[in-house]
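# A closer look at the structure
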Amino acid sequence: MLAFVARAAVAHGARPAPGLDNGQEPPAVSGDLGAGLGQAPPDGCHGPGLCLALSPLIRAVMWQFANEVTPCTGSTLSGGRGNRDRPRERFTIFSVLPAMDRKQKQGEKARPYGLLKPTALGKIPGRFQLHQEALPHLPVPPLQQTLDRYLLALQPIISEEELNHTQELVAEFRKPGGVGERLQKGLERRAKKTENWLSDWWLKTAYLEYRLPVVVHSSPGVVLPKQDFLDRQGQLRFAAKLIEGILDFKTMIDNETLPVEYMGGKPLCMNQYYQILSSCRIPGPKRDSIVNYAKGKKQSRHITVVHNFQFFELDVYNSDGSPLTTDQLFIQLEKIWNTSLQTNKEPIGILTTNHRNSWAKAYNNLLKDKTNKESVRTIEKSICTVCLDAPMPRVSEDIYKSRVAAQMLHGGGSRWNSGNRWFDKTLQFIIAEDGSCGLVYEHAPSEGPPIVALLDHIVEHTKKPELVRSPMTPLPMPKKLRFNITPEIKNDIEKAKQNLNIMVEDLDVKVMVFHQYGKTFPKSEKISPDAFIQLALQLAYYRMYGHACATYESASLRMFRLGRTDTIRSTSVDSLKFVQSMDSPDKSDQEKTDLLRRATQAHREYTDMAIRGNAIDRHLLGLKLQAIEDLVSMPELFMDTAYAVAMHFNLSTSQVPAKTDCVMCFGPVVPDGYGICYNPMDEHINFAISAFNSCADTNAAQMAHYLEKALLDMRILLQSTPKSKL
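Keep in mind it's a predicted model, so treat the numbers as computed, not measured. (Residues numbered from 1 in each chain as written. Predicted model: local features only at pLDDT ≥ 70, side-chain atom pairs only at ≥ 80, totals over all residues. Heavy atoms only, no water.)

## Side note on the overall build of the protein
When helices and strands are counted, the protein shows 21 helices and 21 strands. Partitioning the intrachain contacts of the protein with sequence separation of at least 6 by distance along the chain shows that 78% fall at a separation of at least 24. Just so you have it, the protein exposes about 28300 Å², and 53% of that area is on carbon and sulfur atoms. (Helix = DSSP H or I, 4+ residues; strand = E, 2+ residues; numbered from the N terminus. Contact = heavy atoms within 4.5 Å. Areas by Shrake-Rupley, 256 points an atom, 1.4 Å probe, with all protein chains shown as cover.)

And the structure:
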């Protein structure tokens with residue numbers, strides 16, 4: 001029987017430059033955006049979003065390929081990972097035989113299958129392109145709408161005097177026939193000529209032209225659950241299983257059989273999945289670039305393995321094209337380990353941690369030598385990097401996860417594991433001898449959905465029993481990558497070490513597991529868990545500082561072709577009213593509860609607006625960049641103090657839901673700010689909070705304390721008052 005196999009949606013998300021594309025928890029109320037798990041894909045979408053207007057012949061052929069789709073129940077509002085209340089790694093069978101009663105089949109319950117191989121046999125060439133071409137283009141929002149919403153977003157974060165001044169600037173900007181309308185028309189022309197009017201601009205301004213180091217300032221880390229091995233054998237066995245899981249996922253990407261994701265009944269852009277493997281960032285003097293070796297005839301067949309600062313090329317495919325098994329990979333990893341026991345090697349990878357301009361100069365210097373150039377190219381062309389780390393310094397249980405988060409973000413400094421990385425590589429999986437593990441990824445090619453989907457797939461794969469017996473064919477020795485270290489390169493390494501160690505000392509990171517409740521509680525109160533957590537962050541910040549601040553939460557634009565992110569501005573007029581009332585003796589509990597519910601509803605509405613391409617931040621950025629492109633003088637609106645305040649995100653936040661009990665972490669985006677990431681599980685919430693020690697006004701542990709109190713107080717408030725209809 002031909003079948004549709006639908007896997008539940010996977011997504012997560014970006015910050016401002018640099019960013020995490022955030023994953024929103026679907027609201028806990030009925031009548032939401034999405035079709036339920038077990039429902040057929042929306043009318044007009046066959047698997048990869050093919051339109052019903054296709055000829056019957058093409059449609060019949062595409063049906064025969066048994067395309068997989070990923071229906072996403074509820075609105076994964078800011079681009080997150082589908083309705084996580086239903087098991088994400090489940091499959092729903094949809095019969096496509098003409099004689100079947102489709103409605104009857106839609107009503108049947110989903111059958112849980114666990115993680116399965118794609119049902120489509122072999123490759124489906126052209127499937128990805130057909131899917132992409134069926135997606136709508138990102139709209140340019142109406143100018144007047146954006147300007148009205150901009151003024152509304154400013155109200156809770158600037159003074160009345162500043163607001164009056166900005167209102168005058170907005171009035172000038174929006175005049176009929178004025179500069180605003182001219183720039184808007186330029187944007188609309190650009191939208192007609194390009195696949196996505198924003199994507200290239202965003203890639204350049206948020207990532208490739210961003211000159212601070214990717215370490216801490218751009219690349220997120222993920223802390224995975226601690227593994228139970230305690231020695232080299234366990235480390236290498238786990239690494240072998242992990243690599244096998246990566247290759248299993250890569251097969252779906254290569255064969256174009258990756259399940260298409262849906263959000264709110266709409267197919268999502270899958271482009272980012274095709275950018276994360278075999279790709280790498282290349283430093284440039286003013287702007288970096290990205291190379292992708294997944295495309296073309298000669299695809300990458302190897303990964304890079306790093307141990308004791310030494311790099312190896314490990315071919316992960318047999319001569320017949322089949323991937324190496326766990327046993328084969330384990331043998332190869334043992335060979336690598338045994339030939340890299342020296343611990344006095346120059347940490348060449350530490351060069352990638354430096355300021356982008358400095359690294360670009362060092363990169364050009366490094367590549368003057370032919371041997372060095374060949375080694376660097378081998379790293380850049382590899383599918384991904386696997387870092388076999390030394391054990392972390394022993395710490396008490398209460399700060400263990402925080403230390404692991406730091407290891408994932410920066411490696412602990414030049415004396416620990418920072419030299420055991422190539423931070424320009426899109427994907428780096430980190431496995432330490434003491435069982436701590438996770439990854440760090442370079443953010444430019446992708447937001448989080450592909451990363452977390454891949455992670456969940458790998459974690460499930462590592463739990464599977466090993467069924468395949470390995471062929472006893474001897475495998476060649478993995479190739480050690482050689483580097484000739486000149487005095488000039490040695491000097492570049494020493495400078496990078498110094499700068500990195502300053503960054504490591506400056507980063508204050510705290511992982512907090514909130515055990516009192518998880519997403520189940522706000523859902524029981526008919527409140528979106530994401531909106532609830534965002535409001536708790538607002539309350540914690542207000543209690544600490546006595547005022548609200550500009551807050552960034554990313555919204556996915558993947559409903560549109562090549563969509564990246566926009567901003568959910570979590571600080572609103574309604575959120576400010578709630579946080580001001582919370583500790584006020586003049587307000588009754590019922591009034592406070594009503595304000596809480598109104599604020600969470602406002603957050604949901606802004607989120608809905610953002611994922612449909614109608615938020616304000618990317619539109620304002622587009623108008624600004626259009627002015628630069630048109631060589632006109634910069635409008636006063638963008639030179640205004642209020643605009644600077646609006647773009648200074650003291651709270652840079654992201655929800656990253658995952659099936660795995662993990663947490664993502666990233667650095668703050670402003671010197672006096674916080675980077676806060678969270679993964680709401682059913683009965684607990686994982687938080688990672690970062691700040692800079694160099695700022696006397698911020699403290700990650702203190703923020704964690706206030707956040708915990710806010711979450712507890714909000715629960716007490718809701719439980720003490722009857723539910724009321726707004």
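## Observations concerning helix 4 (residues 143–154)
Look at helix 4: 17 Å from first C-alpha to last across twelve residues, which is about the 16 Å you get at 1.5 Å a residue. Looking at helix 4, one finds that the buried residues are Leu143, Thr146, Leu147, Tyr150, Leu151, Ala153 and Leu154. For helix 4, the angular spread of the buried residues around the axis is 160°, confining them to a single face. Turning to helix 4, the residues buried within the fold contact helix 5 (160–173), helix 6 (179–193), strand 17 (565–569), helix 19 (617–629) and helix 20 (641–646). (Expected span 1.5 Å × (residues − 1). Buried < 20%, exposed > 50% of the residue type's maximum accessible area, 1.4 Å probe, protein only. Arc of directions from axis to C-beta.)

## So, the pattern of salt bridges
Inspection of every chain in the model, using the stated rule, returns 30 salt bridges. Between Glu346 and Lys490 there is a salt bridge; the shortest N-O distance is 2.6 Å. Separated by 144 residues along the polypeptide, Glu346 in the loop between helix 9 (326–338) and helix 10 (356–366) and Lys490 in helix 14 (residues 487–506) bring together distant segments of the chain. Take Glu346: its relative accessible area is 24%, and that puts it in the partly exposed class. A relative accessible area of 33% means that Lys490 is categorised as partly exposed. One salt bridge connects Asp617 with Arg569, and the closest N-O pair in it is separated by 2.8 Å. Separated by 48 residues along the polypeptide, Asp617 in helix 19 and Arg569 in strand 17 bring together distant segments of the chain. Each member of the pair, Asp617 as well as Arg569, is classed as buried. Overlapping salt bridges, with partners in common, bring together Arg211, Arg281, Asp288, Arg356, Asp424 and Glu442 in one network. (Salt bridge = Lys/Arg side-chain N within 4 Å of Asp/Glu carboxyl O.)

## Here's the deal with the sheet that holds strand 18 (residues 651–655)
Overall, mixed pairing links the six strands, which are arranged 15-21-20-18-16-17 in an open sheet. Every interior strand has two partners, whereas the edge strands, strand 15 (507–514) and strand 17, have only one. Shown here is a sheet whose adjacent strand axes are inclined to one another by a mean of 25°, direction ignored. As judged from the five bridges shared by strand 16 (residues 551–556) and strand 17, these two strands associate in the antiparallel manner. Within strand 17, the position partnered with Ser554 by the bridge is Thr567. Sheet contacts for helix 19: strand 16 and strand 17; angle to strand 17, the most-contacted strand, approximately 120°. (Pairing = 2+ DSSP bridges. Axes fitted to C-alpha atoms, helices over the stretch in contact; angles between N-to-C directions.)

## Comments concerning the packing of helix 16 (residues 529–545) against helix 17 (residues 573–582)
Contact geometry for helix 16 and helix 17: axes closest at 9 Å, N-to-C directions at 55°. Judged on the interaxial angle alone, helix 17 and helix 16 are oblique. Like other packed secondary-structure pairs, helix 16 and helix 17 cross with a definite hand, here right-handed. In contact with Leu535, Gln538, Leu539, Tyr542 and Arg543 of helix 16, helix 17 contributes Ser575, Leu576, Phe578, Val579, Gln580 and Met582. For the contact of helix 16 with helix 17, a count of residues per class yields seven nonpolar, three polar and one charged. (Parallel < 35°, antiparallel > 145°, perpendicular 65-115°, else oblique. Left-handed = near helix turned anticlockwise from the far one by under 90°. Nonpolar A, V, L, I, M, F, W, Y, C, P; charged D, E, K, R; others polar.)

## Overview of the packing of aromatic side chains
Using the criterion set out here, one finds 18 aromatic pairs in the structure. One aromatic cluster is present, formed by Phe311, Trp359, Tyr363, Trp422 and Phe483 through successive ring pairs. Residue placement shows Arg190 over the ring face of Trp201; its charged tip is 3.6 Å from the ring centre. A cation over an aromatic ring shows up here: Arg618 above the ring of Trp202, its NZ or CZ 3.8 Å from the ring centre. (Phe/Tyr/Trp six-rings, centres within 6.5 Å; stacked < 30°, edge-to-face > 60°. Lys NZ or Arg CZ within 6 Å of the ring centre and 35° of its normal.)

## Thoughts on the pairing of strand 8 (residues 289–292)
Sheet faces and side chains relate simply in a regular strand, where the side chains alternate between the two faces. Bridge analysis of strand 7 (residues 279–282) against strand 8 gives four bridges, and the strand direction is antiparallel. Across the sheet, the residue bridging to Ile282 is Ser289, located in strand 8. Here strand 7 folds back onto strand 8 in antiparallel fashion, the turn holding six residues.

## Some points on the UniProt feature "binding site: CoA" (unreviewed entry) in the protein
In the UniProt entry, the feature "binding site: CoA" (unreviewed entry) is given for Lys519, Lys523, Ser524, Glu525, Lys526, Ile527, Ser528, Pro529, Asp530, Ser556, Arg604 and Gln655. Following the sequence through the fold, Glu525 ends up in the loop between helix 15 (520–524) and helix 16. As for its position among the elements, Pro529 is in helix 16. (UniProt positions renumbered as here; feature names shortened; annotations may be inferred.)

## Side note on helix 16
Here helix 16 spans 24 Å end to end across 17 residues, near enough to the 24 Å set by a 1.5 Å rise per residue. Among the 17 residues of helix 16, 15 are classified as buried, and the element is accordingly described as predominantly covered. One or two steps after helix 16, the chain reaches Gly546, where phi turns positive at roughly 80°.

## Quick notes on the packing of helix 18 (residues 589–611) against helix 21 (residues 700–720)
Contact geometry for helix 18 and helix 21: axes closest at 9 Å, N-to-C directions at 115°. It follows from the interaxial angle that helix 18 and helix 21 lie roughly perpendicular. Of the two possible hands of crossing, helix 18 and helix 21 adopt the one that is left-handed. Across the interface between the two elements, Asp589, Lys592, Thr593, Leu596 and Arg597 of helix 18 pack against Met714, Leu717, Leu718 and Ser720 of helix 21.

## Focus: the state of the cysteines
In the structure shown here, the tally under the stated rule is zero disulfides. This cysteine, Cys384, is not joined by any disulfide, and Cys387 carries the nearest cysteine sulfur, 9.3 Å off. Note on Cys384: relative accessible area 0%, which makes it buried. (Disulfide = S-S within 2.5 Å.)

## Considerations on the environment of Gln233
Position of Gln233 among the secondary structure elements: in helix 8 (residues 232–254). Linking Gln233 and Phe330, residues 97 residues apart in sequence, is a C-alpha distance of 8.8 Å. Among residues more than four places away in sequence, those in contact with Gln233 are Phe330 and Glu334.

## Considering the nonpolar core
Counting residues in hydrophobic clusters, the biggest one holds 56 residues, and the most contacted among them are Ile303, Val316, Leu333, Leu427 and Phe429. Secondary structure elements with two or more residues in this core: helix 8, strand 9 (302–307), strand 10 (310–315), helix 9, strand 11 (385–389), strand 12 (427–432), strand 13 (437–441) and helix 13 (448–462). Residue contributions to this core peak at eleven residues, all from helix 8. Aside from chain neighbours lying at most four places away, what touches Phe429 is Leu242, Ile246, Cys384, Thr385, Val386, Cys387, Gly438, Leu439, Leu454, Leu455 and Ile458. In terms of nonpolar packing, the next biggest core, distinct from the first, is built from 53 residues, Ala153, Leu154, Ile616 and Phe649 among them. (Core = buried A, V, L, I, M, F, W, Y, C linked by side-chain atoms within 4.5 Å.)

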